[in-house]
Amino acid sequence: MKIALIMNDNSYAGREYLSNLCKNNIKVDVLNIGKFPVLNTNEEKRCGNLWKPDSVKSLLDFHHFHYFNSLKSKDLLEFLKKQNYDLGIQGGTGILKLNIICNFKSGILNFHPGDLPLFRGCSAPEWQFFENKPIISTCHLIDEGIDTGPVLKKKKLNVCLKSYESFRASIYPETSVFVSEVIQDLMNKKIELKFKPQDEKMAIYRKYFGDDSLLELKSKFI
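Residues numbered from 1 in each chain as written. Predicted model: local features only at pLDDT ≥ 70, side-chain atom pairs only at ≥ 80, totals over all residues. Heavy atoms only, no water.

Trainee: Is there a simple way to explain the packing of aromatic side chains in this structure?
Mentor: The description of an aromatic ring pair rests on the distance of the ring centres and on the angle between the ring planes. Counted by the stated rule, this structure contains 17 aromatic pairs. Seen from their ring centres, Tyr 12 and Trp 51 are 5.3 Å apart, and the 85 degrees between their planes marks the pair as edge-to-face. With Tyr 12 in helix α1 (residues 12-23) and Trp 51 in the loop between α2 (41-46) and α3 (56-59), this residue pair connects regions lying 39 residues apart in the sequence. Taken as a pair, Tyr 12 and Trp 51 share a single burial class, namely buried. A centroid spacing of 6.3 Å and a plane angle of 65 degrees characterise the contact between Tyr 17 and Phe 111, whose relative ring orientation is edge-to-face. Here the residue Tyr 17 occupies a position in helix α1, and Phe 111 occupies one in strand β5 (residues 108-112), the gap between them amounting to 94 residues. Positioned above the aromatic ring of Tyr 85 is the side chain of Lys 2, whose terminal nitrogen or guanidinium carbon lies 5.3 Å from the ring centre. (Phe/Tyr/Trp six-rings, centres within 6.5 Å; stacked < 30°, edge-to-face > 60°. Helix = DSSP H or I, 4+ residues; strand = E, 2+ residues; numbered from the N terminus. Buried < 20%, exposed > 50% of the residue type's maximum accessible area, 1.4 Å probe, protein only. Lys NZ or Arg CZ within 6 Å of the ring centre and 35° of its normal.)

Trainee: I tried to follow the sheet that holds strand β6 (residues 136-141) on my own but got confused; where do I start?
Mentor: Neighbouring strands of a sheet are bound in pairs by backbone hydrogen bonds; such pairs are parallel or else antiparallel. Across the sheet, which stays open at both edges, the seven strands sit in the order β3-β2-β1-β4-β5-β6-β7 with mixed pairing between neighbours. A strand with exactly one partner marks an edge of an open sheet, and here the two such strands are β3 (64-68) and β7 (151-156). Each adjacent strand pair in this sheet contributes to an overall mean axis angle of 20 degrees, direction not counted. Bridge analysis of strand β2 (residues 29-33) against β3 gives five bridges, and the strand direction is parallel. In the sheet register, Val 30 faces β3, and the bridge partner there is Phe 65. Contacts from helix α7 (residues 164-187) reach β1 (3-8), β4 (87-90), β5, β6 and β7 within the one sheet, and its direction differs from that of β7 by about 135 degrees. (Pairing = 2+ DSSP bridges. Axes fitted to C-alpha atoms, helices over the stretch in contact; angles between N-to-C directions. Contact = heavy atoms within 4.5 Å.)

Trainee: I'm lost on the environment of Cys 160 in this one. Help?
Mentor: Along the chain, Cys 160 falls in the loop between β7 and α7. In this structure Cys 160 comes out as partly exposed when scored by relative accessible area, which is 26%. Residues Cys 160 and Ile 171, eleven residues apart in the sequence, show an inter-C-alpha distance of 8.3 Å. Among residues more than four places away in sequence, those in contact with Cys 160 are Ser 166, Phe 167 and Ser 170.

Trainee: When you look at a nonpolar patch on the surface in this model, what are you seeing that I'm missing?
Mentor: A cluster of nonpolar side chains, namely Ile 95, Ile 146 and Tyr 205, defines an oily patch on the protein surface of about 330 Å² accessible area. Locating Ile 95 in the fold gives a position in the loop between β4 and α5 (98-101). Owing to a relative accessible area of 57%, Ile 95 belongs among the exposed residues under this scheme. (Patch = residues over 30% accessible without salt bridge, like charges linked within 9 Å, V, L, I, M, F, W, Y side chains within 5 Å. Areas by Shrake-Rupley, 256 points an atom, 1.4 Å probe, with all protein chains shown as cover. Salt bridge = Lys/Arg side-chain N within 4 Å of Asp/Glu carboxyl O.)

Below you can see the structure in the form of structure tokens.
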């Protein structure tokens, strides 16, 4: 199975996924998009400097990196057509359009940190905790919508609940374990790429957890 992970340059989530894949001896191509700083100040602040994924430099000897200026780059599209990838992994990049998705035989998998379709949106982990629900990651196929693609598998994440910062810092390291499990199972033919459509009647897009709501949420960790 020929697999590529697509991510923005220095993506924390992408680096976390690649590190765990490396630990499990799973090599993938990396489609590295754009130029971004090694240090993501927003993630550092949100995670209290607790999330420290391996550097790209440390991953170069294992995974094969390919560099592109943007998701709209003609070089990227030409490269994808030649490579004929079986499967993609969303490793933290912009919204992927059909012109990219269609170049992967079986599509691109996303690992959303929310129980779909009940917890859509970027604040899904916060809303799950706020509503006293398990922190679920959903492996689903990317389509043109946001968190709307059919579901392959779900997993409860063993997150740290010592503080909000430790909670956020543990989400993607835990998700990276799920990524490797799914890819290993697919490669070993323990599971098949059979997807279940989401029930749109159950779908809820959760609003962004703003600063005021975040203060209330943080008090629940004390």
